[in-house]
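# Fold and geometry: a report
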Amino acid sequence: MSQLGEKIKKARITKEITQEDLAKAIGVSDKSISAYESGRVSPPIVILRKISAETSQPLNYFLEEKAELSVLSKLEKIERDFEEIKRLLKEGRGN
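Below is a summary of the structure that appears in this document. Every residue gets a number counted from 1 within its own chain, in the order that chain's sequence is written. Given that this is a predicted model, residues contribute local features only at a pLDDT of at least 70 and side-chain atom pairs are listed and counted only at 80 or more, while totals for whole chains, interfaces and linings are drawn from all residues. No hydrogens and no water enter the side-chain calculation; it runs on all heavy atoms of the structure.

## Some points on the pattern of salt bridges
What counts as a salt bridge is simple: a side-chain nitrogen of Lys or Arg found within 4 Å of a carboxyl oxygen of Asp or Glu. Going through the model one piece at a time under the given rule, you end up with six salt bridges. Note that glutamate 79 and arginine 49 form a salt bridge whose closest N and O atoms lie 2.8 Å from each other. With a gap of 30 residues between them, glutamate 79 in helix H6 (residues 66-94) and arginine 49 in helix H4 (residues 45-55) connect regions that are remote in the sequence. Accessible area is worked out with a 1.4 Å probe on protein chains only. A residue is then buried under 20% of its type maximum, exposed over 50%, and partly exposed in between. The class for glutamate 79 is partly exposed, based on a relative accessible area of 24%. For arginine 87, the salt bridge identified is with glutamate 91, shortest N-O distance 2.3 Å. Of this pair, arginine 87 and glutamate 91 are both found in helix H6, four residues apart, which corresponds to roughly one turn of the helix. Judged by relative accessible area, arginine 87 falls into the partly exposed class, the value being 37%. A run of H or I in DSSP counts as a helix once it spans at least four residues, and a run of E counts as a strand once it spans at least two, with each numbered from the N terminus.

Dropping the structure here:
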């Protein structure tokens, strides 16, 4: 099990919710939660944010190393860039 998977499982158990409860709350399958917890799959940042909110743990709790903070900032920048691109595309269609 990965450190991230262990942290997800610990946060879920601390919150006293099942894999199924967490899955329903964040909009994924319970098989996905199982895969995250076992370390077979790493959750996308969007899902990790939802897990963070649902388990009442700060996002940083789930991050394993400082290097991941750099990855997180890059992903957040990419998300902002995509939002800007979508906005510009919508404006372009209106003209």
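## Quick look at the packing of helix H2 (residues 19-26) against helix H3 (residues 30-38)
In helix packing, the relevant descriptors are the interaxial angle and the interaxial distance, both defined with respect to the helix axes. Angles run from 0 to 180 degrees between N-to-C directions of axes, and those axes are lines fitted to C-alpha atoms, restricted for helices to the stretch in contact. Interaxial distance between H2 and H3 falls to 8 Å at its minimum, and their mutual angle equals 110°. The angle between H2 and H3 falls in the class roughly perpendicular. Considering only the axes of H2 and H3, their crossing is right-handed. Packed against H2, whose contacting residues are Gln19, Glu20, Leu22, Ala23 and Ile26, the element H3 presents Asp30, Ile33, Ser34 and Glu37 at the interface. Considering only residue class, the contact of H2 with H3 consists of four nonpolar, two polar and three charged. When describing relative orientation, an angle under 35 degrees is termed roughly parallel and one over 145 degrees roughly antiparallel, while 65 to 115 degrees is termed roughly perpendicular and anything else oblique. Left-handed is the label given to a crossing in which the near helix is rotated counterclockwise from the far helix by less than a right angle, and right-handed is the label when the rotation is clockwise. We call two residues in contact when some of their heavy atoms are within 4.5 Å. As a working rule, the residues Ala, Val, Leu, Ile, Met, Phe, Trp, Tyr, Cys and Pro are called nonpolar, Asp, Glu, Lys and Arg charged, and the rest polar, with Gly in that last group.

## Overview of the environment of serine 52
Its place among the elements puts serine 52 in helix H4. Of the residues examined, serine 52 reaches a relative accessible area of 8% and is grouped as buried. Setting aside residues up to four positions removed in sequence, serine 52 forms contacts with Gln57, Pro58, Leu59 and Phe62.

## Things to note about a nonpolar patch on the surface
A cluster of nonpolar residues, Leu75, Ile78, Phe82, Ile85 and Leu89, forms a patch on the protein surface that exposes about 460 Å² of accessible area. Here leucine 89 is to be found in helix H6. A patch consists of residues whose relative accessible area exceeds 30% and which take part in no salt bridge; residues with like charges are grouped when within 9 Å of each other, and nonpolar side chains (Val, Leu, Ile, Met, Phe, Trp, Tyr) when within 5 Å. Per-residue and other accessible areas were derived by the Shrake-Rupley procedure at a 1.4 Å probe size, with only the shown protein chains allowed to occlude residues.

## Describing H3
Of the positions making up H3, those classed as buried are Ile33, Ala35, Tyr36 and Glu37. Those residues of H3 that are buried lie in contact with helix H1 (3-14), H2 and H4. Downstream of H3 by a residue or two, glycine 39 has a phi angle that is positive, lying close to 85°.

None of this, on its own, says anything about what the molecule does.
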